[in-house]
Amino acid sequence: MQTLSQFIGSHHSGTTSSKNEWGNNDILGAAKIYKPHSVLCRQDDDDDTIFIVKSGWALLYRGLLDGERQVIDTPLWGDVVGFRSVDGPRFASLASITELAVHEVSRKALVEHILSGGNFGNRFACSLARLNAILAEHLVNVGRRNAMSRTAHFLLELEERLSSVGLSVHGRYECPLTQHELADILGMTTVHVNRTLSELRKADLVSFKAGHVEILNRKNLVKVAGFDNEYLR
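The rules behind each value
Residues numbered from 1 in each chain as written. Predicted model: local features only at pLDDT ≥ 70, side-chain atom pairs only at ≥ 80, totals over all residues. Heavy atoms only, no water. Helix = DSSP H or I, 4+ residues; strand = E, 2+ residues; numbered from the N terminus. Buried < 20%, exposed > 50% of the residue type's maximum accessible area, 1.4 Å probe, protein only. Contact = heavy atoms within 4.5 Å. Areas by Shrake-Rupley, 256 points an atom, 1.4 Å probe, with all protein chains shown as cover. Pairing = 2+ DSSP bridges. 1 Å grid on protein atoms, 1.4 Å probe; cavity = no way out; pocket = protein on both sides within 12 Å on 5 of 7 lines; lining within 4 Å. Points joined across faces, edges and corners; volume = space filled by probe spheres on them. Salt bridge = Lys/Arg side-chain N within 4 Å of Asp/Glu carboxyl O.

### Points about the overall build of the chain
Next up, step 1: A tally of helices and strands in the chain yields 8 helices and 12 strands.
Next up, step 2: Looking at the chain residue by residue over its 233 residues, the buried ones come to 46%.
Next up, step 3: The long-range fraction of contacts in the chain, counting pairs at least 24 apart against all pairs at least 6 apart in sequence, stands at 70%.
Next up, step 4: With the model as given, the accessible surface of the chain reaches about 11,800 Å², and the carbon-plus-sulfur share is 50%.

What follows is the structure, encoded as structure tokens:
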């Protein structure tokens with residue numbers, strides 16, 4: 001079970017998808033490039049644009065009344081953001097962390113393509129099911145796992161997701177997330193995130209510094225996190 005990366009292109013470096021993958025390739029069009037820290041859409045907007053990530057890092061988040069936010073996910077290459085079955089306001093905002101390339105597709109056009117037949121609809125459904133499983137794990141993270149477990153779990157999840165698209169090798173990957181952004185993802189304070197990352201490093205489990213993550217002892221990190229990657233498959 002994979003994301004829509006198989007429809008976007010055969011490699012994250014920028015090669016284009018074939019017409020055999022999308023049928024009518026016009027549904028995608030050229031990817032739109034956003035600068036770092038751009039807001040692509042805001043919660044409660046009522047436009048029907050669906051975003052499919054081609055490259056870069058983004059945050060999908062829900063703003064709260066007190067000005068705080070909860071990051072719901074970090075959409076990565078091939079992920080679909082903003083798909084809804086009916087008209088209505090958006091549930092969450094989407095913002096870029098790095099330079100971000102996305103394909104923007106209207107809901108009507110995408111639904112018509114799904115219903116046109118072929119294997120696309122089935123694979124699209126599998127992609128959404130996978131994203132739903134990821135969001136469920138994130139809920140468990142903030143609701144039940146302790147600081148060490150939830151941090152370890154999230155870093156292992158990133159490693160698995162990035163590895164599947166060739167962006168993580170031997171447990172090493174680039175990660176532009178700041179400790180403040182990690183705090184919004186994990187439901188912790190920035191101070192607590194800093195302390196937890198230090199504890200994981202002292203335990204020789206994982207290193208996260210200067211925008212790079214290195215998993216030092218995957219077996220023990222998996223044990224600490226209670227990580228089972230089946231939900232990503």
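### Details of the sheet that holds strand β6 (residues 80-81)
Next up, step 1: The strand order β1-β8-β3-β6 describes an open sheet built from 4 strands, whose pairing is antiparallel. Because the sheet does not close on itself, it has two edges, and the strands there are β1 (32-34) and β6.
Next up, step 2: Where β1 lies against strand β8 (residues 100-106), 3 bridges are found, and the strand directions are antiparallel. Counted as the bridge partner of Y34 is L100 from β8.

### Things to note about the environment of T196
Next up, step 1: Mapped onto the elements, T196 comes out in helix α7 (residues 190-202).
Next up, step 2: Taking the relative accessible area as the measure of exposure, T196 reaches 1% and is therefore buried.
Next up, step 3: Sequence separation between T196 and A147 is 49 residues, and the spatial gap between their C-alpha atoms is 6.7 Å.
Next up, step 4: With near-sequence residues (within four places) excluded, T196 lies in contact with A147, M148, T151 and M188.

### Here we look at the environment of G121
Next up, step 1: Tracing the sequence through the fold places G121 in helix α4 (residues 120-144).
Next up, step 2: Owing to a relative accessible area of 17%, G121 belongs among the buried residues under this scheme.
Next up, step 3: Distance in space between the C-alpha atoms of G121 and L110 is 9.7 Å, their sequence separation being 11 residues.

### Let's talk about empty space enclosed by the protein
A water-sized probe rolled over the atoms picks out the places where empty space is left.
Next up, step 1: Within this structure, the stated rule accounts for 2 cavities of 30 Å³ or more.
Next up, step 2: Within this model, the second largest cavity holds a volume of roughly 40 Å³.
Next up, step 3: Along its surface, the second largest cavity is lined by H138, N141, V142, F154, I185 and L186.
Next up, step 4: At the level of elements, α4 and α6 (179-186) are the ones that each hand at least two residues to the lining of the second largest cavity.
Next up, step 5: For the lining of the second largest cavity, the element with the most residues is α4, which contributes 3 residues.

### Examining the pattern of salt bridges
Next up, step 1: Under the definition given, this model contains 11 salt bridges.
Next up, step 2: The closest approach of N and O atoms between R218 and E160, which form a salt bridge, is 2.7 Å. Linking R218 in helix α8 (residues 218-225) with E160 in helix α5 (residues 147-163), this pair joins segments that are 58 residues apart in sequence.
Next up, step 3: A relative accessible area of 17% places E160 in the buried class.

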